[in-house]
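Summary of structural features
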Amino acid sequence: MKFLLLLGLFLLIGYCWRSLRSAPARVAAPAAGAAPEPAPAPTMLRCLHCGVHLPPADAITGHAGVYCSEAHRAIRER
Ligand SMILES: [Zn+2]
């Protein structure tokens, strides 16, 4: 009889533990899914000389393509 009581207690603790662990995940799931939507990653450009990836706002446009700096544009297009 004592064994059944202990088994029931362990099952109850296990059920409470699982419901407590899954409750925050259900609340956090919509927030985690909604976070990437408002801020999509900008398209990255690749420097023609060194290959570094950079956002279009920082790119320097040359005749053959885009560069990460004026120095790299000068090296490739002189
Ligand atoms: Zn470069």
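These remarks concern the structure in this document. (Residues numbered from 1 in each chain as written. Predicted model: local features only at pLDDT ≥ 70, side-chain atom pairs only at ≥ 80, totals over all residues. Heavy atoms only, no water.)

**Considering the overall build of the protein chain**
What the protein chain contains, in helices and strands, is two helices and four strands. Secondary structure elements of the protein chain occur, N-terminal to C-terminal, as α-β-β-β-β-α. Each of the 78 residues in the protein chain was classed as buried or not, and the buried ones make up 10%. For the protein chain, the share of sequence-separated contacts (at least 6 apart) that also reach a separation of at least 24 residues comes to 8%. For the protein chain, the accessible area works out to roughly 6,500 Å², and carbon and sulfur atoms hold 69% of it. (Helix = DSSP H or I, 4+ residues; strand = E, 2+ residues; numbered from the N terminus. Buried < 20%, exposed > 50% of the residue type's maximum accessible area, 1.4 Å probe, protein only. Contact = heavy atoms within 4.5 Å. Areas by Shrake-Rupley, 256 points an atom, 1.4 Å probe, with all protein chains shown as cover.)

**Here's the deal with the coordination of the zinc ion**
Around the zinc ion, the protein supplies C47 (SG), C50 (SG), C68 (SG) and H72 (ND1) as donor atoms, at distances of 2.0 to 2.3 Å. Bound by four donor atoms, the zinc ion shows angles of 94 to 121° at the metal and therefore tetrahedral coordination geometry. Along the chain, the residues that donate to the zinc ion are spaced as C-x2-C-x17-C-x3-H. Relative accessible area serves as the criterion here: at 42%, C50 is assigned to the partly exposed category. (Donors = N, O, S within 2.8 Å, 3.2 Å for Na, K, Ca; no water. Tetrahedral: all angles 85-135°; square planar, octahedral: opposite > 155°, others 65-115°.)

**Description of the environment of A71**
Note on placement: A71 falls in helix 2 (residues 70-76). Separated by 22 residues in the primary sequence, A71 and H49 have C-alpha atoms spaced 9.8 Å apart.

**Here we look at the nonpolar core**
Core analysis: the biggest nonpolar cluster contains five residues, these being C47, L54, A59, V66 and Y67. What L54 contacts, discounting residues up to four positions off in sequence, is M44, L45, R46, C47, A59, Y67 and C68. (Core = buried A, V, L, I, M, F, W, Y, C linked by side-chain atoms within 4.5 Å.)

**Examining the environment of R76**
Mapped onto the fold, R76 is located in helix 2. Classification of R76 as partly exposed rests on a relative accessible area of 45%. In this structure the C-alpha to C-alpha distance between R76 and H63, which are 13 residues apart in sequence, comes to 9.7 Å. Looking at R76, its side chain comes within polar contact range of the main-chain oxygen of L48, at 3.2 Å. (Polar contact = N/O pair within 3.5 Å; in protein donor to acceptor, adjacent residues only side chain to side chain.)

**A closer look at a nonpolar patch on the surface**
On the surface, M1, F3 and L4 cluster together into a nonpolar patch covering about 430 Å² of accessible area. You can see F3 is positioned in helix 1 (residues 2-34). Residue F3 is classed as exposed on the basis of its relative accessible area of 62%. (Patch = residues over 30% accessible without salt bridge, like charges linked within 9 Å, V, L, I, M, F, W, Y side chains within 5 Å. Salt bridge = Lys/Arg side-chain N within 4 Å of Asp/Glu carboxyl O.)

**Quick look at the pattern of salt bridges**
Per the stated rule, a full pass over the model turns up two salt bridges. One salt bridge connects R73 with E70, and the closest N-O pair in it is separated by 2.5 Å. Of this pair, R73 and E70 both sit in helix 2, three residues apart, which is roughly one turn of the helix. Exposure remark for R73: the relative accessible area of 23% places this residue in the partly exposed category. Linking R73 and E77 is a salt bridge whose minimum nitrogen-to-oxygen distance equals 3.8 Å.

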